[in-house]
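# Tertiary structure, described
Residue-level listing of the chains:
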Amino acid sequence: MQQTKLMNELAGVVQSVSSTVSFHPLALICEIRSSLKYFGGIEAVHNKLKPLLIAELQALQLPDYFLYAASPTVTGSLLLARSGHNALVYRKDNLRSALGKLPTEVLWLGKEPNRRLYNMGVRYLRDIWRLPPEGLRKRFGSDFVKQLNKALGAAPEPTHNYIPPPAFTTCCELPYELENLDRLLPVADEMLAQLCEFLRRRDLSTSHLLFSLLHEKRDSTEIDMALRQASRSREHLMLLLETHFGKLTLPAPVIAVRLEVKRFDAFMSHSDSLLAEDKPTARRSQRNNLDQFMEQLQARLGDHYLKCISSVAEHCPEYASQQLDYGESIKAGRHAEPNSLVRKNTEGGRGAAIRVTSIPRPLWLLQDPQQLVLKNGKLYHRKPVAIVSGPERIETFWWSGTDVRRDYYVAREANGSRLWVYRERSGDRNWYLHGYFA
Amino acid sequence: MTLTRSHTNPPELTADKGYSHSGEIEELLHDNPNLWRGCDMAGQGFYGRSTGFPRLDDILPGRGWPQNGLIEIITPCWGMGELQLLIPLMRSVVEQGKWILWIAPPYLPYAPALVQAGIDTDQILVVKRDTSCKDALWSMEKALQTSNCGLVLAWQNWLPGKVLRRLQLAAETGDTLGVFFKHHDSKYSPSLIRLQIKDSASQGRTFSEAEVTVIKARGNFRPLTTQVDLYQHT
């Protein structure tokens, strides 16, 4: 893993002289023949690449020593470099003699085949050239012969090429300063169009964007757009951006806009069906719509203003219902596939899985119970309160020090409100309003 | 489109004379919810969604809640059974796989009570109470416009007619029902239905009963009142 990362870093450096870089065991190979003319010869390429690589190796805290070679074939160069001669072979015809000087160890065959070669009296590659290929194939396998053929340019050499990670940054200098965000929208739209085109060509999507509005002599205003579901839809991104703009106040006129992609994701496509009624695809696209809608809501309201509720198996009434931020509850794995029968059957639905008491509970709960007034033996909220039914005794948390000992009653206020009230069983035995049967 | 017939004869009497040859037209007119005739209140078809309360169905045009649009529920104070009235509707919305959005409710919606009523809380989303009015209305409009929300509940006491009209249009585009809970009635509201819940205990009724008045309903021409047993479903 570590090695792959380092190789990627180095490949990025080597890319400055070649567009085709491939990975091999403990080696990087780049194609330079096509860039020789541009750089003005192999010496120039060498002079350019060496300091760059040394600097990069030092930056990565690695020993800045490496071997290199150039030849018309990939495997040939590899073998030459392994021998440590820093050799340079221009023509394919010369490869045979150049490689012939190398000891057989450069083939990295392993102990046993090496021993066999040694016993056969083979010390250098040129000794192998003299042997019949058929016999070699029989003794050392076809891979061995293939490797030699590759080195001589007699067999094709497919390679794994290095693909640089995608990066997208675009900046648009405005011809004049803008203070009105609405006037920025067409510019932003154009930039998003570029982005979506970029993503489409690479079959990617994005889930994290950074929009920066640059000001003169001032830090830029940054809009951090993190998407719940990766997208490359221009309309959707535009809608989100507009929502963000709706909340934004500009501290100063904008002189430039920059768009940067912080995170790329693979693009998951789904086909839109023509006759969509209750089909999985239809449901998924509906789900997509929903995600987009939720994202928009979250962008406008802020993360902590959108809540999900769920019931908890807890005796104490105020802890039996919990509120979670919508984003958190997504992470907690809820809402994975709503309405899916499979889930309902296996889990019984999350909400229903938790058994709740059969004694009626009010639809509204007061966050902080409100104390009721007791005057001349009568209970008052705003109007007189009459007990309808009860009590239901709830005693819990005796182990935690903050005892809950209450008698709950259903009551009715004179103006018609249905109340859920309780009386403490300890202390001052006060009456409290705890909920409404709305 | 509203069409009122000037003569007040009951349709049963005239049907066998002039309308016999235009039975099909009659049928077409009958099925169109946008068209109502002042004379035949009872036979307006069943285009509404049942409220779950037969007595309330009887006095609502189309025998139930409309498919989309705004409803206002007016109560002098909270806790009059205003939510209980919507429980069957909420249940059907959740069963359809749609979401219910509660916008700035005055108190915490209590999950155990919803579970008791048979509503899956996974499909309920609450916008917190301290959201600014502007943001609340914005979310309401957006929610009404998407087809994923089946029901949007909001607690706003006073809103100008212009805003209500805009929300009404949003509800029509998204084919969604929006419900406003408020304390005071406003006469010229463009909402489809205005309901008032009154306390009926003073008249010797039981705890679970409430008196519901349809102050206004599109397709209805005079206020009607009925007694509803709120807890018949639980």
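Here, residues in each chain are numbered from 1, in the same order as that chain's written sequence. Just so you know, chain letters begin at A and ligand numbers begin at 1, following the order they were written in. Totals for whole chains, interfaces and linings use all residues, but because this is a predicted model, local features are given only for residues with pLDDT of at least 70 and pairs of side-chain atoms are given and counted only at 80 or more. The side-chain quantities take in all heavy atoms of the structure and omit both hydrogens and water.

## So, the overall build of chain B
Here a helix means four or more residues in a row that DSSP labels H or I, a strand means two or more in a row labelled E, and each is numbered from the N terminus. Check the secondary structure of chain B and you find seven helices and nine strands. Two residues form a contact once any of their heavy atoms are found within 4.5 Å. Put simply, of all contacts in chain B between residues at least 6 apart along the chain, 67% involve residues at least 24 apart. Put simply, chain B shows about 10200 Å² of open surface, and 54% of that area lies on carbon and sulfur atoms. With residues, only the protein chains shown are counted as cover, and all accessible areas are computed by Shrake-Rupley using a 1.4 Å probe.

## Side note on the confidence of the model for chain A
Caution is warranted with low-pLDDT regions, since their predicted coordinates should not be read in detail. All names here are of chain A. For every residue, the predictor states its confidence as a pLDDT score lying anywhere from 0 to 100. Confidence along chain A averages 83 in pLDDT terms, with 90% of residues attaining 70 or more. Mean pLDDT per element in chain A: helix α14 (residues 341-347) is the minimum at 37, and strand β15 (residues 431-436) is the maximum at 91. Within the model, the stretch residues 335-352 combines pLDDT values under 50 with 34 contacts to residues more than four positions away or in other chains.

## So, the nonpolar core
With 68 residues, the main nonpolar core has B:Leu83, B:Trp102 and B:Leu153 as its most contacted residues. Element by element, the count of residues in this core is highest for helix α4 (residues 87-95) of chain B, at five residues. Those residues within four positions of B:Trp102 in sequence are excluded, and the remaining contacts are A:Trp364, B:Leu83, B:Met90, B:Pro109, B:Leu114, B:Ile124, B:Leu125, B:Val126, B:Val127, B:Leu153 and B:Trp155. With 32 residues, the next largest nonpolar core counts A:Phe168, A:Val187, A:Met238 and A:Leu259 among its residues. Nine residue types can take part in a nonpolar core, namely buried Ala, Val, Leu, Ile, Met, Phe, Trp, Tyr and Cys, and a core is a set of them joined through side-chain atoms within 4.5 Å. Note on classification: 1.4 Å probe, protein chains only; a residue is buried when its accessible area is under 20% of the maximum for its type, exposed when over 50%, partly exposed between these limits.

## A look at the interface of chain A and chain B
Quoted interface sizes are often the accessible area lost when the parts come together. Counting residues at the interface gives 56 residues for chain A, matched by 58 residues for chain B. Using a 1.4 Å probe, buried area is obtained as the accessible area two parts lose upon being combined, added over both of them. Here chain A meets chain B over a buried area of about 4900 Å², counting both sides, of which 62% is carbon and sulfur. Definition used for salt bridges: Asp or Glu carboxyl oxygen within 4 Å of a side-chain nitrogen of Lys or Arg. Here chain A and chain B share one salt bridge between them. For B:Asp135, the salt bridge is made with A:Arg300, and the minimal N-O distance between the two is 2.7 Å. Definition of a polar contact: a pair of N or O atoms within 3.5 Å, with one able to donate and the other able to accept a hydrogen when the atoms are protein atoms, and with sequence-neighbouring residues admitted only if both atoms are side-chain atoms. Where chain A packs against chain B, one counts 14 residue pairs in polar contact (both at pLDDT 80 or more). Counting residues per element, the ones that place at least two in the side of chain A that touches chain B are α12 (280-301), β7 (306-311), β8 (321-325), α14, α15 (350-353), β9 (364-371) and β13 (404-413) of chain A. It is α12(A) that provides the largest number of residues to the side of chain A that touches chain B, a total of nine residues. Throughout this entry, Asp, Glu, Lys and Arg are counted as charged residues, while Ala, Val, Leu, Ile, Met, Phe, Trp, Tyr, Cys and Pro are counted as nonpolar. The remaining residues, Gly among them, count as polar. A per-class count over the side of chain A that touches chain B returns 28 nonpolar, 18 polar and 10 charged. Pairing analysis gives two bridges linking β9(A) to strand β3 (residues 108-109) of chain B, with the strands arranged antiparallel. Bridge pairing in β3(B) links A:Leu365 to B:Leu108. DSSP-based pairing: two strands are paired if at least 2 bridges between them are found.

## Things to note about the packing of aromatic side chains
Two rings belonging to Phe, Tyr or Trp (six-membered ring only in the last case) form a pair when the distance between their centres is within 6.5 Å. Interplanar angles under 30 degrees mark stacking, angles over 60 mark edge-to-face geometry, and anything in between is tilted. Using the criterion set out here, one finds 20 aromatic pairs over all chains in the structure. Note on A:Phe66 and A:Tyr68: the rings are 5.9 Å apart at their centroids and 50 degrees apart in plane angle, and the pair reads as tilted. When its relative accessible area of 23% is taken as the criterion, A:Tyr68 is described as partly exposed. An aromatic cluster is defined as three or more aromatic residues linked by ring pairs; in this entry it consists of A:Trp364, A:Tyr436, B:Trp102, B:Tyr107, B:Trp155 and B:Phe181. Ring-over charges, as used throughout, are those where CZ of Arg or NZ of Lys falls within 6 Å of the ring centre and within 35 degrees of the ring normal. Sitting above the plane of the A:Trp108 ring, A:Arg82 keeps its charged end 3.7 Å from the centroid.

## Quick word on the packing of helix α1 (residues 2-14) of chain A against helix α3 (residues 42-59) of chain A
Residue and element names in this part refer to chain A. Each axis is a line fitted through C-alpha atoms, taken for helices only over the stretch in contact, and angles between the N-to-C directions span 0 to 180 degrees. Relative to each other, α1 and α3 sit at 155 degrees, their axes nearing to 10 Å. Regarding the angle of α1 to α3, the classification is roughly antiparallel. Note on packing geometry: the crossing formed by α1 with α3 is right-handed. Contact residues: Glu 9, Leu 10, Val 13 and Val 14 in α1; Leu 49, Leu 52, Leu 53, Glu 56 and Leu 57 in α3. Here the contact of α1 with α3 is composed, by residue class, of seven nonpolar, no polar and two charged. For classification purposes, an angle smaller than 35 degrees is called roughly parallel, one larger than 145 roughly antiparallel, one from 65 to 115 roughly perpendicular, and anything else oblique. Crossing chirality is assigned from the near helix's rotation relative to the far helix, an anticlockwise turn below a right angle marking it left-handed and a clockwise turn marking it right-handed.

## Brief notes about the packing of helix α10 (residues 181-202) of chain A against helix α11 (residues 234-247) of chain A
Residues and elements named next belong to chain A. Two elements in contact, α10 and α11, have axes whose closest approach is 10 Å; the angle formed by their N-to-C orientations is 150 degrees. Relative to α11, α10 is oriented roughly antiparallel. In the packing of α10 onto α11, the handedness of the crossing is right-handed. Residue-level contacts link Leu 181, Leu 184, Leu 185, Ala 188, Asp 189, Leu 192, Ala 193, Leu 195 and Cys 196 of α10 to Arg 234, Leu 237, Met 238, Leu 241, Glu 242 and Phe 245 of α11. Partitioned by chemical class, the residues of the contact of α10 with α11 number 12 nonpolar, no polar and three charged.

## Thoughts on the sheet that holds strand β6 (residues 254-266) of chain A
In a beta sheet, neighbouring strands pair by backbone hydrogen bonds and run either parallel or antiparallel. Residues and elements named next belong to chain A. Read across the sheet, four strands follow the order β3-β6-β4-β5 without closing on themselves; strand pairing throughout is antiparallel. Looking at which strands have only one partner, the edges of the open sheet turn out to be β3 (169-178) and β5 (218-231). On average, adjacent strands in this sheet sit at an angle of 20 degrees to one another, irrespective of strand direction. Of the pairings in the sheet, the one linking strand β4 (residues 204-215) to β5 comprises eight bridges and is antiparallel in character. Across the sheet, residue His 208 finds its bridge partner in β5, namely Ala 226. Along the sheet, α11 makes contact with β4 and β5, crossing β5 at roughly 140 degrees.

## Brief notes about the sheet that holds strand β4 (residues 124-127) of chain B
Read across the sheet, 10 strands follow the order β8(A)-β7(A)-β4(B)-β2(B)-β5(B)-β6(B)-β1(B)-β7(B)-β8(B)-β9(B) without closing on themselves; strand pairing throughout is mixed. This sheet does not close on itself; its edge strands, each paired only once, are β8 of chain A together with β9 (224-229) of chain B. Pairwise comparison of adjacent strand axes, ignoring direction, gives a mean angle of 25 degrees for this sheet. When β7(A) meets β8(A), the two strands line up antiparallel, connected through five bridges.

## A closer look at the pattern of salt bridges
As enumerated under the stated definition, the model contains 22 salt bridges over all chains in all. The salt bridge involving A:Glu134 is made with A:Arg137; its shortest N-O contact spans 3.0 Å. Of this pair, A:Glu134 and A:Arg137 both sit in helix α8 (residues 133-140), three residues apart, which is roughly one turn of the helix. Among the salt bridges present, the one from B:Asp185 reaches B:Arg194, with a minimum N-O distance of 2.8 Å.

## Focus on the confidence of the model for chain B
Residues and elements named next belong to chain B. Looking at chain B, the pLDDT average stands at 79 and 80% of residues meet or exceed 70. Under a pLDDT of 50 for its full length, residues 1-19 has, in the predicted model, 15 contacts with residues more than four places off or in other chains. With pTM at 0.62, the complex prediction returns an ipTM value of 0.77.

## Observations concerning unusual backbone geometry
The residue A:Asn376 is not glycine, and still its phi comes out positive at about 50 degrees. You can see A:Asn376 is positioned in the loop between β10 (373-375) and β11 (378-380).

## With respect to the environment of B:Gln196
Residues and elements named next belong to chain B. Its location among the elements puts Gln 196 in strand β7 (residues 193-199). It is 8.1 Å that separates the C-alpha atoms of Gln 196 and Glu 211, two residues lying 15 residues apart in sequence. Discounting chain neighbours no more than four positions away, the residues touching Gln 196 are Ile 74, Glu 211, Val 212, Thr 213 and Ile 215.

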